[in-house]
Amino acid sequence: MLTMLVKFCRIDLFNYIFSGSGHGLAGILQVLMSFPQFLQSDPSSAEAVQRSVDFLLTNCLREGNMAVDLKETLAGSESGKYLVHWCHGAAGSFCCLTVSWCSNFRILL
């Protein structure tokens, strides 16, 4: 899943795979969910978006923040856990999760 997102969404910048809203996975997902007509017409895309939201949520850190770099998180590191800006961490990811909830996507908690 992560390899597909990196390849097609170009979220691999400066050797990081960002998860935040400004320039990461959460921002891309938020934009995709803003076009429900497209997702309703293509069930495979809707499923991919849902799996991506679930993937984002499964990479939360113990403190409750969202991981900044998905590569490091998957490797077991929590080096970016103190970045809580809008474009990094939970502050910006909140927008994506709100759109997901409003779009009737199930959210894995």
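Residues numbered from 1 in each chain as written. Predicted model: local features only at pLDDT ≥ 70, side-chain atom pairs only at ≥ 80, totals over all residues. Heavy atoms only, no water.

## Things to note about the overall build of the protein
We count it as follows: Segments assigned H or I by DSSP are reported as helices when at least four residues long, segments assigned E as strands when at least two residues long, and all are numbered from the N terminus. Throughout, exposure labels follow a simple rule: accessible area from a 1.4 Å probe, protein chains only, divided by the maximum for the residue type, with under 20% read as buried, over 50% as exposed, and the rest as partly exposed. Contact between two residues is taken to exist if any of their heavy atoms lie within 4.5 Å; hydrogens are not considered. To be clear on the numbers: accessible area is Shrake-Rupley with a 1.4 Å probe, and residue cover counts the displayed protein chains and nothing else.
What the protein contains, in helices and strands, is six helices and two strands. Listing every helix and strand of the protein by position from the N terminus yields α-β-β-α-α-α-α-α. For the protein, the proportion of its 109 residues judged to be buried stands at 41%. Across the protein, every contact between residues at least 6 apart in sequence was considered, and the portion connecting residues at least 24 apart equals 52%. Accessible surface, the protein as shown: approximately 6300 Å² in total, 63% of it carbon and sulfur.

## Description of the environment of V31
For V31, the position within the fold is in helix α2 (residues 25-33). Given a relative accessible area of 48%, V31 falls into the partly exposed group. A C-alpha to C-alpha distance of 8.4 Å links V31 and C96, two positions 65 residues apart in sequence.

## Details of the state of the cysteines
Using the following cut-off: In this description, the term disulfide denotes a pair of cysteine sulfurs within 2.5 Å.
Going through the model one piece at a time under the given rule, you end up with zero disulfides. Between C96, a free cysteine, and C95, which holds the nearest cysteine sulfur, the sulfur-to-sulfur gap is 8.7 Å. C96 gets classed as buried once you look at its relative accessible area, which sits at 0%.

## Quick notes on the side chain of S19
Mapping S19 onto the fold places it in the loop between β2 (16-17) and α2. Those residues in contact with S19, other than ones at most four positions away along the chain, are G24, L25, A26, L56, A67, V68, L70 and S93.

## Focus: the packing of α2 against helix α4 (residues 43-58)
Note the threshold: Orientation is described by axes fitted as lines to C-alpha atoms, over the contacting stretch for helices, and by angles from 0 to 180 degrees between their N-to-C directions. For a crossing to be left-handed, the near helix must be turned anticlockwise from the far one by less than a right angle; the clockwise case is right-handed. Nonpolar residues are Ala, Val, Leu, Ile, Met, Phe, Trp, Tyr, Cys and Pro. Charged residues are Asp, Glu, Lys and Arg, and all others, Gly as well, are polar.
Here α2 crosses α4 at 150 degrees, and the two axes come no closer than 11 Å. Between α2 and α4 lies a crossing of left-handed hand. For the pair formed by α2 and α4, the contact residues are L25, A26, L29, L32 and M33 on the first element and V49, S52, V53, F55 and L56 on the second. Grouping the constituent residues of the contact of α2 with α4 by class yields nine nonpolar, one polar and no charged.

## Description of helix α6 (residues 90-102)
What counts, and what does not: Every helix has an expected span of 1.5 Å times one less than the residues it contains. Throughout, the arc means the angular range of directions from the helix axis out to the C-beta atoms.
Along its 13 residues, α6 runs 18 Å from first to last C-alpha, staying within 8% of the 18 Å computed at 1.5 Å per residue. When α6 is considered as a whole, its buried residues turn out to be G92, S93, C96, V99 and S100. Projected down its long axis, α6 shows its buried positions confined to an angular sector of 115 degrees, all on one face. Set apart from the buried face of α6 by more than 90 degrees, the exposed residues are F94, W101 and C102.

## So, the nonpolar core
Proteins that are soluble and globular tend to have nonpolar side chains buried together. For clarity, the threshold we go by: For our purposes a nonpolar core is just a set of buried Ala, Val, Leu, Ile, Met, Phe, Trp, Tyr and Cys residues, chained together by side-chain atoms within 4.5 Å.
Membership of the largest hydrophobic core comes to 16 residues, with the highest contact counts inside it found for L25, L29, M33, L56 and C96. Elements with a minimum of two residues in this core: α2, α4 and α6. Per element, the largest residue contribution to this core is six residues, and it comes from α4.

## Some thoughts on the packing of α2 against α6
This is how the line gets drawn: Small angles under 35 degrees read as roughly parallel and large ones over 145 as roughly antiparallel, with 65 to 115 read as roughly perpendicular and the rest as oblique.
At their nearest, the axes of α2 and α6 sit 8 Å apart, and the two run at 30 degrees to each other. In this view, α2 runs roughly parallel relative to α6, as classed from their interaxial angle. Crossing of α2 over α6 shows left-handed handedness. Between α2 and α6, the residues in contact are A26, L29, Q30 and M33 and S93, C95, C96, V99 and S100, respectively.

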